[in-house]
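Chain by chain, the residues run as shown.
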Amino acid sequence: MTLKQEKQIPAVIFVLMLFIVVLYLLPLGMMILNSVKNYDEIMKNVLALPERFSLRNFAVVFHDMNYPLTFLNTFVVTLTGTVGIVVFGAMAGYKMARVKTRYSRLTFLYCITPMMVPFQSFMITLVVIAKAFHLTNNVPGLGIIYWGLGIPMALFLYQGFAKTIPYELEESAVMEGCSQPRLFVQIIFPLLKSVTASVIVVNAMWIWNDFLLPLLVIGGSRERKTLQLAAYAFMGQYKSEWQNIMAAAILIIIPALVIYLIFQKNIIKGLVAGAVKG
């Protein structure tokens with residue numbers, strides 16, 4: 001390889017990376033562009049600049065979606081689901097990393113197998129069971145259902161990371177009279193903060209943006225709708241209000257984007273620590 005070729009490689013890589021970034025940001029840019037246009041302008045040319053910049057679409061969407069209520073519903077579902085996944089996933093993962101029996105490996109594989117099962121294959125059965133336990137048509141119940149869907153992945157990450165915690169740390173605490181609940185809460189769980197950040201971000205963004213499960217569990221209840229279900233109301237059989245759909249999408253992704261930006265430094269670190277070190 002010549003010196004001239006070596007100097008050209010960084011430029012080629014830069015151009016390639018720039019192209020990938022533009023490719024990924026193009027849908028977001030189009031969404032923002034069309035959120036400030038009216039319906040006729042969108043139908044005429046989705047790539048054209050707006051003839052007149054206006055935030056009227058956001059005002060209409062904020063009112064029609066009943067944004068404060070639907071935001072609160074989505075927040076409650078996300079908080080309930082994420083907290084349950086973190087708490088039960090951490091406890092189960094830690095216990096499975098410490099208990100070594102003839103069937104412990106088999107039990108672990110059994111618990112993480114649901115990660116490989118498509119949701120569509122059991123969603124009807126899930127709704128029937130949820131209805132039997134009175135978890136349908138209520139916001140906290142929807143959050144609880146997410147526990148069963150999100151815990152397998154959380155358990156997998158926590159179990160792998162918990163293996164790296166030295167046994168001597170726990171033995172010292174027990175010798176000092178520390179109980180098992182106190183040992184987990186005050187010593188073990190703080191050591192799992194990097195993988196916990198990853199579990200929080202991954203599951204919070206998934207629950208916040210999910211559409212299918214709320215549609216199956218909440219349905220058409222106006223008072224219990226999430227943001228995604230409220231935005232779906234702008235999709236009609238004969239006409240879709242694309243200007244409002246774009247504005248609604250922006251109002252939905254802003255909170256999720258804020259959460260991601262806060263925890264972005266811990267996402268890759270936690271995923272690698274939990275999946276590779278174990």
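You'll find the structure just up there.
Residues numbered from 1 in each chain as written. Predicted model: local features only at pLDDT ≥ 70, side-chain atom pairs only at ≥ 80, totals over all residues. Heavy atoms only, no water.

1. Thoughts on the overall build of the protein
Right, so step 1: Across its full length, the protein holds 13 helices and zero strands.
Right, so step 2: Moving toward the C terminus, one meets the helices and strands of the protein in the order α-α-α-α-α-α-α-α-α-α-α-α-α.
Right, so step 3: Taken over C-alpha atoms, the radius of gyration comes to 23 Å for the protein, far larger than the 19 Å a tight globule of 278 residues would show.
Right, so step 4: If one aligns the C-alpha atoms of the protein with their principal axes, the spans along those axes are about 75 × 70 × 35 Å.
Right, so step 5: By the burial criterion, 37% of the 278 residues in the protein qualify as buried.
Right, so step 6: Contacts in the protein between residues at least 24 apart in sequence constitute 73% of all its contacts with a sequence separation of at least 6.
Right, so step 7: Accessible area for the protein stands at about 17,000 Å²; split by element, carbon and sulfur atoms hold 70% of it.
Right, so step 8: Each charge class in the protein was averaged separately, 22 positive and 12 negative side chains, and the resulting centres sit 4 Å apart. (Helix = DSSP H or I, 4+ residues; strand = E, 2+ residues; numbered from the N terminus. Rg over C-alpha atoms; globule rule 2.2 N^0.38 Å. Buried < 20%, exposed > 50% of the residue type's maximum accessible area, 1.4 Å probe, protein only. Contact = heavy atoms within 4.5 Å. Areas by Shrake-Rupley, 256 points an atom, 1.4 Å probe, with all protein chains shown as cover. Lys, Arg positive; Asp, Glu negative; His and termini not counted. Charge placed at Lys NZ, Arg CZ, Asp CG, Glu CD.)

2. Notes on the environment of Ala-248
Right, so step 1: The residue Ala-248 is located in helix 13 (residues 242-276) in this model.
Right, so step 2: In this structure the C-alpha to C-alpha distance between Ala-248 and Lys-95, which are 153 residues apart in sequence, comes to 43 Å.
Right, so step 3: Not counting chain neighbours up to four residues away, the residues in contact with Ala-248 comprise Val-61, Met-65, Ala-231 and Phe-234.

3. A look at the packing of helix 4 (residues 67-98) against helix 7 (residues 139-162)
Right, so step 1: Where helix 4 meets helix 7, the axes come as close as 6 Å, and the angle between the chain directions of the two elements is 35°. For the element pair helix 4 and helix 7, the recorded crossing hand is right-handed.
Right, so step 2: The residue inventory of the contact of helix 4 with helix 7, partitioned by class, reads 21 nonpolar, nine polar and one charged. (Axes fitted to C-alpha atoms, helices over the stretch in contact; angles between N-to-C directions. Left-handed = near helix turned anticlockwise from the far one by under 90°. Nonpolar A, V, L, I, M, F, W, Y, C, P; charged D, E, K, R; others polar.)

4. As for the packing of helix 4 against helix 10 (residues 193-209)
Right, so step 1: Packing of helix 4 against helix 10 leaves a shortest axis separation of 9 Å and a crossing angle of 145°. For the pair helix 4 and helix 10, the crossing hand works out as right-handed. Across from Phe-71, Thr-74, Phe-75, Val-77, Thr-78, Gly-81, Thr-82, Ile-85 and Val-86 in helix 4, the residues of helix 10 making contact are Thr-196, Val-199, Ile-200, Asn-203, Ala-204, Trp-206, Ile-207 and Trp-208.
Right, so step 2: A breakdown of the residues in the contact of helix 4 with helix 10 according to their chemical character gives 11 nonpolar, six polar and no charged.

5. A few points about the packing of aromatic side chains
Geometrically, a pair of aromatic rings is defined through the distance of the ring centres and the angle of the planes.
Right, so step 1: With the rule as written, the count across this model stands at nine aromatic pairs.
Right, so step 2: An aromatic cluster of at least three residues, connected via ring pairs, comprises Phe-62, Tyr-67, Phe-71 and Trp-208.
Right, so step 3: When the ring centre of Tyr-167 is taken as origin, the NZ or CZ atom of Arg-98, which lies over that ring, is 4.3 Å away. (Phe/Tyr/Trp six-rings, centres within 6.5 Å; stacked < 30°, edge-to-face > 60°. Lys NZ or Arg CZ within 6 Å of the ring centre and 35° of its normal.)

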